[in-house]
Each structure stands twice: as structure tokens, then as C-alpha cells.
Amino acid sequence: MDFGHSKLAERYIAELDSFLREEVEPRQREYYEAVAEQPWSVPPMIVELKAKAKAAGLWNLFLPPDAGDGRGAGLSNVEYAPLAEIMGRWSWASEIFNCSAPDSGNMEVLLRYGSPEQQEQWLEPLFAGQIRSAFGMTEPQVASSDATTMEATAVLDGDEVVLNGRKWWSTGIGHPDCEVIIFMGLTDPNAQPYQRHSMVLVPVGSPGVKVERMLTVFGYDEAPVGHAEVSYTDVRVPLANVIAGLGRGFEIAQGRLGPGRIHHCMRTIGLAEHALELGCKRASARSAFGKPLVDLGGNRERIAEARLAIEQARLLVLRTAWLIDTKGVHWARSEVSQIKAVVPKAMHSVVDTALQLHGAAGLSGDFPLAEAYAWTRALRFVDGPDEVHLGVVARQELKRYEGSAADGR
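The protein chain carries the name Acyl-CoA dehydrogenase domain protein in an unreviewed UniProt entry, which gives Segniliparus rotundus as its organism. If you open the UniProt record of the protein chain and go to Cofactor (unreviewed entry), you find "FAD".

Right, here's the structure in full:
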């Protein structure tokens, strides 16, 4: 395994880091003030920064080499990982480069599984950053950690598919530019468990689609993107809106979630890096009881432990990215679950250390730490709770020893 940066990755790292520090970070307060004033509108500065990023070629950086037509950077997962980390320093930065969730995952779904007509109608505007999208999978009435229990339906009726049910934590639905939802529904309850569900493209304005309420994460509404509970009542869409064919929902989901979890994890490591940077600066600049904060209460050890956690997490994510690049998502099933279980918990601890170094100020909106603390904790549920991923790791580990008997030595 070689995690050294390619020449192409080095160029993008330098350009992206420069853009972030020169164009994005100085405008953080402007962004938060704009969102506070008009929560569900796109701040004008985002439109401006997206145009600058696109002109600079810092656009669709997540797209893999086989995306074609020069739509993106054409980077492998290993090459993209440090870029996701840089963008992750600020929770709102990825949108500027058209690399934010759930759009990046939805674009990959349409790129790999979408029909030419679906790609023309939805993928091209997403590539261009003209529209945003949402993903509807989790449901309030079932334990969605077991996705086979999903009850919302996508039933064939002639040349249409009829959708009924209720989804929640539909990320992206609050964005004013959100125009399409990828909906996962039960099509055939009698089929094999992983062939029962389908993914369907649903225009946001379709009759029967209703945003019931916006949800908060530890009190944060995460405007202007947001998460919502959405009801679907006899929603009719053309059969042509089914992605890849009826019954292929789980196949698509697995292809989507592998790289997506790497993106989440690397963004979270970037967030933790930023938190640790803020914590170190704070602890070095302020004093109490006649000493710098960094020399009080074991803070040096806490800072060291935070650095160790970040480096260990980063290496595990890079190894997982390398496995996907060289062998495919299927061969990295355990590793994808490993990073999903390890990174949020470890980075939550790093953010907690940075928050503690800030004292009461860390709890306020003057610093991004409280929001980062909420997000790193929430990520232990997003894309599957810790327990599910640990179960996957254990199952893959035990497979190595099937049929062998312990000899006691």
C-alpha cells in the first residue's frame, strides 16, 4: 500500500487548501449570519463561491476516473480522501465544490445505475450544481438499522410506480434548490430479502409528496440543507423513474454507501483537525492560575491523544480507500464498517477535547465546536449505527475460522 499523493492529487490539495483558506475561512461569520437571518435560503456568498470554485476547476472532485467527459477531477478514492478532509474543516464548505452529501452519493448512483434519460434529466443538472437532491431511506416506524424492515412501498401499477409511506432524516430536502428525491421502497414482499426493494426518482413537487416537518440534530436545524420527515401518499411516477430496475434497491445502496462512508469519515477527520487546531491555539494563548492552559490538568496528554486518534483514523480510512480502489467495495466490506465505527467515536473525543480547552466559549456559537460535537455524535447513527457495523466486522472476522476447531494452544 502506498498512500503517497500522486502528482494530480498534490495539485488539487494545494489548490483546494489555498482556496479554502483564502476564500472560505475568512467568510465564516458572514455565512452563519446569513443563515441565521434567512435559514432556508442560499446565502449569496455560496453562489459567488461556487462560481469561483467552478472557474478554478475545483468542481465535482469526488467523481472517479471512469466518470468520463472531464466532468470532475477523475481521482481515485485514495486521491480524493485528503480533499474531502480539507473540505470537511467547515461543515458548509463541501457544497462550494459540488461535493456535499447526499448529492455526491446520488450522483454516483445515477452515474453507475441511471438510464440515459435519467442522467440527462437529473444527473447533468446535479453535475452542473444547478439543482440539489435528497435521499429517502430511513423510516420512523421501523428499526431502520435493519433496512429489510422498511415498510414504505413502491408498487408497480401499469406503466407507473405508486409510492406510499413515510420517511425521515431525508437529508437535503430543506434546500431551496432540491428538486429530486431518491426514494427506496418495498416492491415485492415475497422476493428474496435483498431483492424486495427498489430505488425510484421522485420530483420534489410530485402530488402526494409532503414535507411534514424539519428535524433538528441536538437542536441544530442544519439549514439551509436540513433533514425532514416526508410523507408519500399515492405518489405516482413513471416506471422509467425506477433506477436500474425493480428489486435492485439494495444492490444500488451497497454500491452507494461504500465510497460515501469514506467521504463522511474523511470530512469528519477534517472537522476534528480543525477542532484540534482551534483547541491548541486557545490553550497556548490563554492562562489560568499563573500558567498557560496547555500546562494545566493534563492538557498536553489530551492533545497528544487527540493527535494519535486522528492519525490512526486517517490511516484506517486510507487503507479502506485503497482496498476499494484496487479490489472493489465487496472486498472492503469489513474495512468500510471498521471506519464507520471507529472514526465518529474517535473524532467525537477529539472535538470534546477541543471544546473543553475552550471552556464555556466552546458551547457558544462563537466557535464551530458545539456544532462539530453534535455532528460527530450524530454520525454514529448516520449510514448505520455502530452496533450494525461492529456486527459486520465480527461476521467477516469469524468467517475466517469457519470449519476450524480450536486446539487450545
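Visitor: Just checking my understanding: could you explain the domain arrangement of the protein chain for this structure?
Guide: Accessible area lost on assembly of the parts is the figure often given for the size of an interface. As far as domains go, the protein chain holds domain 1 (7-114), domain 2 (132-243) and domain 3 (250-400). The C-alpha centroid of domain 3 is placed 20 Å from the C-alpha centroid of domain 1. At the interface, 26 residues of domain 1 touch 24 residues of domain 3. Between domain 1 and domain 3 lies a buried interface of about 2,100 Å² when both sides are counted; carbon and sulfur atoms form 55% of it. Between the two partners, domain 1 and domain 3, sit two salt bridges. Residues Arg 314 and Glu 85 are paired through a salt bridge, measuring 2.6 Å at the closest nitrogen-oxygen approach. On inspection of domain 1 and its partner domain 3, the count reaches ten residue pairs in polar contact (both at pLDDT 80 or more). The element that contributes the greatest number of residues to the side of domain 1 that touches domain 3 is helix 4 (residues 77-87), accounting for seven residues. Residues of the side of domain 1 that touches domain 3, tallied by class, amount to 13 nonpolar, eight polar and five charged.

Visitor: Can you help me understand the packing of helix 5 (residues 103-113) against helix 6 (residues 116-128) in this one?
Guide: The contact between helix 5 and helix 6 brings their axes to 10 Å, and the two run at 145°. Crossing hand, helix 5 versus helix 6: left-handed. Mapping the contact onto sequence places Asp 103, Met 107, Leu 110, Leu 111 and Tyr 113 in helix 5 and Gln 118, Gln 119, Trp 122, Leu 123, Leu 126 and Phe 127 in helix 6. Residues that form the contact of helix 5 with helix 6 fall into these classes: eight nonpolar, two polar and one charged.

Visitor: Mind showing me how you'd approach unusual backbone geometry here?
Guide: Outside of glycine, negative phi angles account for most residues, and trans bonds account for most peptide bonds. Going from Ala 101 to Pro 102, the amide bond is cis rather than trans, its omega being 0°. Here Pro 102 is to be found in the loop between helix 4 and helix 5. The linkage connecting Ala 223 with the following residue, Pro 224, adopts the cis geometry, with an omega of 5°. Among the structural elements, Pro 224 can be located in the loop between strand 6 (209-215) and strand 7 (227-238). Despite not being glycine, Asn 60 has its phi angle at roughly 50°, a positive value. In this fold, Asn 60 is placed in the loop between helix 3 (44-55) and helix 4. At Phe 218, a position not held by glycine, the phi torsion is positive, near 50°.

Calculation rules
Residues numbered from 1 in each chain as written. Predicted model: local features only at pLDDT ≥ 70, side-chain atom pairs only at ≥ 80, totals over all residues. Heavy atoms only, no water. UniProt positions renumbered as here; feature names shortened; annotations may be inferred. Domains from an automatic or database assignment. Contact = heavy atoms within 4.5 Å. Buried area = accessible area lost by both parts, 1.4 Å probe. Salt bridge = Lys/Arg side-chain N within 4 Å of Asp/Glu carboxyl O. Polar contact = N/O pair within 3.5 Å; in protein donor to acceptor, adjacent residues only side chain to side chain. Helix = DSSP H or I, 4+ residues; strand = E, 2+ residues; numbered from the N terminus. Nonpolar A, V, L, I, M, F, W, Y, C, P; charged D, E, K, R; others polar. Axes fitted to C-alpha atoms, helices over the stretch in contact; angles between N-to-C directions. Left-handed = near helix turned anticlockwise from the far one by under 90°.

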